[in-house]
Amino acid sequence: MKATAKAHPIQGIVKYHGMRDEQLRMPYHDSISVCTAPSHTKTTVEFDFEREEDTYIVDGEELEGRAKERVDDVVDYVRKTSDAPHAVYGVKLESENSFPTNVGLGSSASGFAAAAMALAKAAELEWSRPEISTIARRGSASAARAVTGGFSHLYDGLNDEDCRSERIETDLEGDLRIVIGLVPSYKETEQAHKEAADSHMFQARMAHIHEQIAEARDALREGEFDRTFELAEHDSLSLAATTMTGPAGWVYWQPATLRVFNAVRELRSEENIPAYFSTDTGASVYVNTTDEHAERVKETLEDCGVTAAIWQVGGPARVLDESEALF
Ligand SMILES: Nc1ncnc2c1ncn2[C@@H]1O[C@H](COP(=O)(O)OP(=O)(O)OP(=O)(O)O)[C@@H](O)[C@H]1O
Ligand SMILES: C[C@@](O)(CCOP(=O)(O)OP(=O)(O)O)CC(=O)O
């Protein structure tokens, strides 16, 4: 009745923007991302006979309002699909993120992936990871990809058989280093997804994305580093063009973000270093490079006045031993 799970957040490669179905969180189009580590979320859940109300605590704070409703959507779906008699009891969920939230480092992905994995285990659902990705998707679409881990592809679809995530095999995982530049500027993504289709750039993005997905899959299969991360850099600009031209005119980037963009392009042109920037919906930057060049890239980010760290590829969400439970 109690279970603990761990999941890694994601960096978008061909990024998701906008939902066809807001309740079921079915995106308008396919998306590909890569999980990042050691950043992670650890979550313990328990179905408890004595508990009448569901309670969720993240980083020591009890969730309320919209944040709570999103976890409710995940818990309700697990209750509906599980045959375990205890799945009707109240749930206690406690979770810890090892990295800052709401700054563009993908906390909703690892948060809802860890919750889905732990809930599926506690509710005795013997599902595969692509199946569990449909539970996580109800909290956050990016979380579907955090369930399957590594490089993963969330398919567009109108039902759970189609709209699920699957891992993509590639040789790029071992040598990839993701240097993160932390630009702490608070934002929330949900509203941006809601108004995605209201930008005049959205239809252009939709027409373009199919090709981008095919290219990214091919580059990953072929193990082509430059081609893969050039695509991620390009798609960061495409995504921002759409959010900036929506009704709210969101500009997620900060001056430090742009300093990093310029410095990364200089590393490429002047030092021949394979380094490509990437942002999701936020001001923080990912710089994709190889092990050999990671320290040089980190120094460059620090010279831009940004706190930097060298991360690598994270695996799929997984259930932990009961000795690792948070309560
Ligand atoms: N460990 C967690 N367990 C459950 N929900 C979480 C957890 N961490 C974050 N969340 C939820 O994820 C959402 C984070 O905001 P948002 O939708 O902007 O996602 P995001 O773009 O992944 O955020 P960011 O990348 O900036 O961290 C909020 O609803 C928050 O409560
Ligand atoms: C481009 C992104 O940053 C979009 C992130 O969106 P979220 O998955 O955080 O949105 P919600 O479903 O509202 O939680 C990264 C990606 O998943 O492609």
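If you look the protein chain up in an unreviewed UniProt entry, it shows as Diphosphomevalonate decarboxylase from Natranaeroarchaeum sulfidigenes. Here is the UniProt Sequence similarities (unreviewed entry) comment for the protein chain, exactly as written: "Belongs to the diphosphomevalonate decarboxylase family."

### Quick word on the pattern of salt bridges
Two side chains that carry opposite charge are able to pair once their charged atoms sit near each other. With the rule as written, the count across this model stands at 24 salt bridges. One salt bridge connects D280 with K15, and the closest N-O pair in it is separated by 2.9 Å. With D280 in the loop between strand 13 (276-278) and strand 14 (285-290) and K15 in the loop between strand 2 (10-14) and strand 3 (19-21), this residue pair connects regions lying 265 residues apart in the sequence. When sorted by exposure, D280 lands in the same class as K15, which is buried. The partner of E233 in a salt bridge is R268, and the shortest N-O contact between them spans 2.8 Å. Linking E233 in helix 7 (residues 225-244) with R268 in helix 8 (residues 255-271), this pair joins segments that are 35 residues apart in sequence. You can call E233 buried: its relative accessible area is 5%. Residue classification places R268 among the partly exposed positions, given a relative accessible area of 24%. In this structure, a network of salt bridges that share partners links the residues R25, R66, E69, R70 and E190.

### A look at the site of ligand 2
Near ligand 2 lie 16 residues; those nearest to it are Y16, R25, R70, S142 and R145. Contacts to ligand 2 include R70, whose side-chain N or O atom sits 2.6 Å from an oxygen atom. The separation between an oxygen atom of ligand 2 and a polar side-chain atom of H193 is 2.9 Å. Contact with the protein chains removes 95% of the 440 Å² of surface that ligand 2 exposes when unbound. Listing elements by their share of the shell around ligand 2, those giving two or more residues are helix 4 (141-148) and helix 5 (190-194). Looking at the shell around ligand 2, the element that brings in the most residues is helix 4, giving 3 residues. Two domains share the shell around ligand 2, each providing at least three of its residues, namely domain 1 (2-171) and domain 2 (176-313).

### Comments concerning the nonpolar core
Ranked by internal contacts, the top residues of the largest apolar core, which has 37 residues, are F47, L119 and I135. The set of elements that each furnish at least two residues to this core consists of strand 1 (2-7), strand 6 (41-48), helix 1 (65-81), strand 9 (90-97), helix 2 (107-122), helix 3 (129-137) and helix 4. If we skip the residues at most four places from it in the chain, I135 touches V74, Y77, V78, A116, A120, L125 and W127. One finds F99, L176, I213 and F229 within the second-largest nonpolar core, a separate group that totals 25 residues.

### Focus: the packing of aromatic side chains
Counted under the stated rule, the structure contains 9 aromatic pairs. Where F225 meets F229, the ring centres are 4.8 Å apart and the plane angle is 50°; that geometry is what we call tilted. Taken together, the positions of F225 and F229, both in helix 7 and 4 residues apart, correspond to about one turn of that helix. The class of F225 is buried, set by a relative accessible area of 12%.

### Notes on helix 8
Taking 1.5 Å of rise per residue, the 17 residues of helix 8 would be expected to cover 24 Å, and the 23 Å separating its terminal C-alpha atoms lies within 8% of that figure. For helix 8, the set of buried residues is A256, T257, V260, F261, A263, V264 and L267. Of the residues one or two after helix 8, N272 is the one with positive phi, at around 60°.

### Concerning the site of ligand 1
Neighbouring ligand 1 are 19 residues, the closest being G104, G106, S107, S108 and T189. Interatomic distance of 3.1 Å between a backbone N/O atom of L105 and an oxygen atom of ligand 1. At a separation of 2.6 Å, an oxygen atom of ligand 1 approaches a polar side-chain atom of T189. Calculation on ligand 1 without its partners gives an accessible area of 640 Å², and the protein chains cover 90% of this total. Assessed atom by atom at 2 Å from the grid points, ligand 1 resides in the largest pocket. Of all the secondary structure elements, the ones that give two or more residues to the shell around ligand 1 are helix 1, strand 9 and helix 2. Ranked by residue count, the leading element in the shell around ligand 1 is helix 2, at 4 residues. A domain-level breakdown of the shell around ligand 1 finds at least three residues from each of domain 1 (2-171) and domain 2 (176-313).

### As for the sheet that holds strand 16 (residues 318-320)
Spatial ordering of the open sheet is given by 8-7-9-6-1-16, a layout of 6 strands whose pairing is mixed. The sheet is open, and its two borders are formed by strand 8 (61-62) and strand 16, each paired with just one other strand.

### Looking at the side chain of S31
By the secondary structure assignment, S31 is in strand 5 (residues 31-37). Within polar-contact distance, the side chain of S31 engages the side chain of R145 at 3.1 Å. Ignoring anything within four residues of it in the chain, the contact list for S31 reads V14, K15, Y16, R145, S152, H153, L154 and I213.

Cut-offs and rules
- Residues numbered from 1 in each chain as written.
- Chains lettered and ligands numbered in written order.
- Predicted model: local features only at pLDDT ≥ 70, side-chain atom pairs only at ≥ 80, totals over all residues.
- Heavy atoms only, no water.
- UniProt positions renumbered as here; feature names shortened; annotations may be inferred.
- Salt bridge = Lys/Arg side-chain N within 4 Å of Asp/Glu carboxyl O.
- Helix = DSSP H or I, 4+ residues; strand = E, 2+ residues; numbered from the N terminus.
- Buried < 20%, exposed > 50% of the residue type's maximum accessible area, 1.4 Å probe, protein only.
- Near = heavy atom within 4 Å.
- Polar contact = N/O pair within 3.5 Å; in protein donor to acceptor, adjacent residues only side chain to side chain.
- Areas by Shrake-Rupley, 256 points an atom, 1.4 Å probe, with all protein chains shown as cover.
- Domains from an automatic or database assignment.
- Core = buried A, V, L, I, M, F, W, Y, C linked by side-chain atoms within 4.5 Å.
- Contact = heavy atoms within 4.5 Å.
- Phe/Tyr/Trp six-rings, centres within 6.5 Å; stacked < 30°, edge-to-face > 60°.
- Expected span 1.5 Å × (residues − 1).
- 1 Å grid on protein atoms, 1.4 Å probe; cavity = no way out; pocket = protein on both sides within 12 Å on 5 of 7 lines; lining within 4 Å.
- Sits in = over half its atoms within 2 Å of the grid points.
- Pairing = 2+ DSSP bridges.

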